[in-house]
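Understanding the architecture of this molecule
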Amino acid sequence: MSEIHYLPMSVGLFGGLALFLYGMEKMSLALKRAAGDKMRTILARLTSNRLAGVVTGAGVTAVIQSSSVTTVLVVGFISAGLMNLSQAVGVIMGANIGTTVTAQIIAFKVTKAALAMVAIGFFLEFLAKRDINKHYGSMLFGLGLIFLGMNMMSEAMSPLRTYQPFIELMTHMDNVLLSILVAALFTALVQSSSATTGIIIVLAGQGFISLESGIALAMGANIGTCITALLAAIGKSREALQAAAVHISFNVLGVALWLPLLALLSAISISISPNYPQLVGIDKLAAELPRQIANANTLFNLLNTILMVPFAGAFVWLARKLIPHRSASPSEKKAKAISPKYINESFIETPDIALDHAQLELGRVGRRVCNMLDLLPP
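Summary of the structure given here.

Comments concerning the packing of aromatic side chains
Tallying each qualifying case throughout the model produces four aromatic pairs. Summarising the aromatic geometry, the rings of phenylalanine 122 and phenylalanine 123 are spaced 5.5 Å apart at their centres and angled 80° between planes, so their arrangement reads as edge-to-face. The exposure class of phenylalanine 122 is partly exposed, given its relative accessible area of 36%. A ring pair is formed by phenylalanine 122 and phenylalanine 141, whose centres lie 6.2 Å apart and whose planes are at 55°; its orientation type is tilted. In this pair, phenylalanine 122 sits in helix H6 (residues 114-127) while phenylalanine 141 sits in helix H7 (residues 131-157), placing the two residues 19 residues apart along the sequence.

Quick look at helix H11 (residues 211-224)
Taking 1.5 Å of rise per residue, 14 residues should cover 20 Å, and H11 covers 20 Å from first to last C-alpha, within 8% of that figure. All of the buried residues along H11 are Leu211, Ser213, Gly214, Ile215, Ala216, Leu217, Ala218, Met219, Gly220, Ala221, Asn222 and Gly224.

A word on empty space enclosed by the protein
Enumeration according to the criterion identifies one cavity of 30 Å³ or more in this entry. For the largest cavity, the calculated volume is near 40 Å³. Together, Thr99, Thr100, Ala103, Ser193, Ser194, Thr197, Asn222 and Asn297 line the largest cavity. Broken down by secondary-structure element, the contributors of at least two residues to the lining of the largest cavity are helix H5 (100-107) and helix H10 (193-205). Within the lining of the largest cavity, the residues separate by chemical class into one nonpolar, seven polar and no charged.

As for helix H13 (residues 238-258)
Between its first and last C-alpha, H13 extends 30 Å over 21 residues, near the 30 Å set by a 1.5 Å rise per residue. Most of H13 is tucked away, with 15 of its 21 residues classed as buried.

Regarding the pattern of salt bridges
As enumerated under the stated definition, the model contains two salt bridges in all. Glutamate 125 is paired through a salt bridge with lysine 26; the nearest N and O atoms lie 3.4 Å apart. Of this pair, glutamate 125 sits in helix H6 while lysine 26 sits in helix H1 (residues 6-44); the two residues are 99 residues apart in sequence, bridging distant segments of the chain. We note that glutamate 125, like lysine 26, is buried. Among the ionic pairs, arginine 364 bridges to glutamate 361, the shortest N-O distance being 2.7 Å. Here glutamate 361 and arginine 364 lie together in helix H18 (residues 351-375), a separation of three residues that amounts to about one turn.

Calculation notes
- Residues numbered from 1 in each chain as written.
- Predicted model: local features only at pLDDT ≥ 70, side-chain atom pairs only at ≥ 80, totals over all residues.
- Heavy atoms only, no water.
- Phe/Tyr/Trp six-rings, centres within 6.5 Å; stacked < 30°, edge-to-face > 60°.
- Buried < 20%, exposed > 50% of the residue type's maximum accessible area, 1.4 Å probe, protein only.
- Helix = DSSP H or I, 4+ residues; strand = E, 2+ residues; numbered from the N terminus.
- Expected span 1.5 Å × (residues − 1).
- 1 Å grid on protein atoms, 1.4 Å probe; cavity = no way out; pocket = protein on both sides within 12 Å on 5 of 7 lines; lining within 4 Å.
- Points joined across faces, edges and corners; volume = space filled by probe spheres on them.
- Nonpolar A, V, L, I, M, F, W, Y, C, P; charged D, E, K, R; others polar.
- Salt bridge = Lys/Arg side-chain N within 4 Å of Asp/Glu carboxyl O.

See the structure below:
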């Protein structure tokens, strides 16, 4: 049995994780800034059509690479009175599909280009004259850091392939419920299901986990990501809290629905993923599992949405039962009367949307001032 050097392995693992998370944050922020105006236009044109909401949620999330951010934006729109709960349900469901794009990108073996992405992105960000090109450079730089972090984590964990105590520990991850719980807790901690999925694919690439365990971990990440929307809804309107409740109930019900069908989902994923019959053992698992897990994650979220979109009204009903509207006290009514309607802290990270809301608030206050002047005696 080979000896494990814990200090350098821990430094490599947590250093790689830090790079991965920083890269995710940097890429997400750059994409939000580059596409902020388009996001505002798309979300502003939402109708009560559930299918349009699903497509919009998937599209916006695929662009900004974070279902949590999309859901937080939805909570903000509801708080500002620009969207109702029925419209929000479709967007929330679609967001789960859009977030699987990250897993698909990570599963493709492009990590060897990490340093090239970092270099090109860095020079583009600092040398470009136009803001849009700077944002694209920052996005590429962040993507490179994601892959660089994955490389570091993968290299740090490679000695564990032959470390028997760790191999025995990972056999316990075949417990599906334990896998879901661990992934949900970790995702709630880092507030990114994409980060959790990336780490799952790193584990799969080393041959440490089985396909069903990987799918269960990805399911747990879907539940854990709900914490971000829940935190964003605290202190907001009842309808914003109801949107967070819809997000939680949709993800939890989806996991409960597919849990007994895990073997079927695994079989479908294997059938649509590339296989390498020339490889054997851990090498075969390391080559095939990342794509299989990424495809299963996409299938899981896509099929969940297709199955549950017809029942969007039921999710709205459930959320309103769980978090009913309550009558405001006289002091709350007074506070509401003098508080801004459109300005919301959740939009600060997306300047285009924040400025648009500031403009709406100025217009609202301006109309109120005009009405007050009209009431003055001649």
